[in-house]
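Residue-level structural notes
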Amino acid sequence: MSSITISEEKLSNYINGEWVNGEGKRYTPVINPANSETIVEVPLSTVNDVDNAVKSAKTAQKEWALVPAPQRAEILYHVGYLMKERKERLSQLLTMENGKVIEEARGEVQEGIDMAFYMAGEGRRLFGQTTPSELKDKFAMSVRAPVGVVGIITPWNFPIAIATWKSFPAIVAGNTVVWKPATETPLMAFELAKIFEEAGLPKGVLNVVFGSGSEVGEAMVHHHDIRVISFTGSNDVGRNIAGECGKQLKKVSLEMGGKNAVIVMDDADLGLAVEGILWSAFGTSGQRCTACSRVIVHENVKERLEERLLVEMEKLTIGNGLDETIKVGPIINTGAIEKIKQYIEIGKEEGANLLAGGYVLDEGEKANGNYFAPTLFTDVTPSMRIAQEEIFGPVVSLIPVKSFDEAIEVNNNVEYGLSSSIFTRDVNRVFAAQRDLDTGIVYVNAGTTGAEIHLPFGGTKGTGNGHRDSGLAALDVFTEWKSVYVDYSGKLQRAQIDVE
Ligand code: NDP
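Below: a short report on this structure. Keep in mind it's a predicted model, so treat the numbers as computed, not measured.

This part covers the overall build of the protein chain. Scanning the protein chain for helices and strands turns up 15 helices and 23 strands. Expected size for 500 residues packed as a compact globule is a radius of gyration near 23 Å; at 24 Å, the protein chain falls within 12% of this value. When the accessible surface of the protein chain is split by element, carbon and sulfur atoms take 50% of a total near 20700 Å². Charged side chains in the protein chain number 49 positive and 67 negative. The centres of these two groups are separated by 6 Å.

The following block contains the structure:
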């Protein structure tokens, strides 16, 4: 199905501009979730490997911060062009390691390319502010300064897009990076590091250390010389990272789980709503942080929506994502399949009505991979666990409501606050909804997915801690504001005291 080859049998870390073996010389296989074949082996690095990467990043940072930002940006432009050139290779490798269908993999790689050009443009901006001083003959401005060495920890579900959201702004702003990708999806990190090397990035500016969260990830979080941690992943891990960073007064940016809803009002274009739900709920097999896992539907259109969803769900083709005709790929691993199965049982026990799916697909070639049937529960009440907890699979719960106000309340009544959407043709409801939906991202007449890289990305409440990836907001994570006062009066002027 794919003609892409990987020359390495074992991946290496990228530290100080060199490809080096993990100190512990232990490896773990990277498994293709579509067929359980081993693609490559990835090092399980040690605390010492992290220390070497941080040393290299710390040494490189002094020089890198002195390179004019437009020159730093030139490298990002180069990275963008190389990614563009290799888009098909990257996309196929991404499908192999993660399972998402090739069309979506191409979309994800494109997101990385867009981010490269967008952040390269920042090399000629990185705007600060000038402002009048309260004193005569005095100049006041604030500028963005790099933080230093940044630690980036990324999940398996968007292994290249999320990495670019974090590393590109960090690098253009004059920081150096130590990056730990998810162990399940190391190929994107390997390929991106190769691209940076080819683009001429000075040694030590980007370091990639493969290995487990409990060893490599924790070593990064504990390392005194890493001054900011940017993490995307699960809430349990994020919470622990925040606790440790809090103790060290280390800056930390967290992007975590979601329980995203599509609201369908009684005046909605139902055909459009069905398309939006299918794309948001079953794309990436429901393993997007922005996946729609709740549909809050007005009771007047509930039955019609159910019928239309069932018809369209029947048409979804499921299988190896490298096959262009497939719409839903595999689930990342068997542990995730077990978690989804547990939630199916929980839903049934809670009294939800299982309308479609709810089982593992293991016939024919699917027996070798991790496949789960797209699943629809209806008559779900807002307090059920399947309506509250992140399942991270192709499972949707339909929650009927009687009014717009109730729909908003149900949407907001969860621990998370990443993305929400409303289908309606009423302009008053549109504006009220964008004001009242308590999520970091709101869509109108579209599903819960499809973020564009020049807007901030992240969530409220339990989804994050107030920071954002992507957009200009990402620069706030990777820079410190420095206020600079230049007094050219030739005498000592005291602010707040010598004001005439
Ligand atoms: P995890 O939290 O399990 O892993 C994320 C990353 O953290 C991986 O690199 C992992 O390493 C690492 N890690 C694990 N344990 C530790 C630790 N103790 N210290 C430091 N790092 C650690 O999440 P998943 O990979 O399972 O990703 C799915 C989750 O990510 C979902 O909850 C999803 O909603 C969320 N997500 C949020 C997004 C957002 O922007 N809000 C976007 C995408 C996903 P290892 O690979 O070794 O396990």
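After that view, the rundown keeps rolling.
The volume enclosed by the largest pocket comes to roughly 1000 Å³. Phe-231, Gly-233, Ser-234, Asn-235 and Val-237 are, among the 43 residues lining the largest pocket, the residues nearest its centre. For the lining of the largest pocket, the secondary structure elements donating two or more residues are α7 (213-222), β10 (226-232), α8 (235-248) and α11 (334-350). Sorting elements by how many residues they give to the lining of the largest pocket places α8 first, with seven residues. For the second largest pocket, the calculated volume is near 440 Å³. The wall of the second largest pocket is formed by 22 residues, among which Glu-111, Phe-158, Arg-288, Gly-450 and Ala-451 lie closest to the centre. In terms of residue count, the dominant contributor to the lining of the second largest pocket is helix α4 (residues 102-122) (seven residues).

A separate point is a nonpolar patch on the surface. A cluster of nonpolar side chains, contributed by Phe-139, Val-486 and Tyr-488, occupies part of the molecular surface with about 300 Å² of accessible area. Relative to the helices and strands, Phe-139 resides in strand β6 (residues 138-146). On the accessibility criterion, Phe-139 (37% relative accessible area) is partly exposed.

Following the criterion strictly, the structure yields seven aromatic pairs and no others. Plain terms: the ring middles of Trp-19 and Phe-190 are 5.0 Å apart, the flat faces sit at 65° to each other, and that makes the pair edge-to-face. Note that Trp-19 is positioned in strand β2 (residues 18-20) and Phe-190 in helix α6 (residues 187-198), a separation of 171 residues in sequence. One aromatic cluster is present, built from ring pairs that chain together Tyr-14, Trp-19 and Phe-190. Seen from the ring of Tyr-27, Lys-10 lies directly overhead, with NZ or CZ sitting 5.2 Å from the centre. Here the guanidinium or amino end of Arg-288 rests over the ring plane of Trp-279, the centre of that ring lying 4.5 Å away.

Procedures and definitions
- Residues numbered from 1 in each chain as written.
- Predicted model: local features only at pLDDT ≥ 70, side-chain atom pairs only at ≥ 80, totals over all residues.
- Heavy atoms only, no water.
- Helix = DSSP H or I, 4+ residues; strand = E, 2+ residues; numbered from the N terminus.
- Rg over C-alpha atoms; globule rule 2.2 N^0.38 Å.
- Areas by Shrake-Rupley, 256 points an atom, 1.4 Å probe, with all protein chains shown as cover.
- Lys, Arg positive; Asp, Glu negative; His and termini not counted.
- Charge placed at Lys NZ, Arg CZ, Asp CG, Glu CD.
- 1 Å grid on protein atoms, 1.4 Å probe; cavity = no way out; pocket = protein on both sides within 12 Å on 5 of 7 lines; lining within 4 Å.
- Points joined across faces, edges and corners; volume = space filled by probe spheres on them.
- Patch = residues over 30% accessible without salt bridge, like charges linked within 9 Å, V, L, I, M, F, W, Y side chains within 5 Å.
- Salt bridge = Lys/Arg side-chain N within 4 Å of Asp/Glu carboxyl O.
- Buried < 20%, exposed > 50% of the residue type's maximum accessible area, 1.4 Å probe, protein only.
- Phe/Tyr/Trp six-rings, centres within 6.5 Å; stacked < 30°, edge-to-face > 60°.
- Lys NZ or Arg CZ within 6 Å of the ring centre and 35° of its normal.

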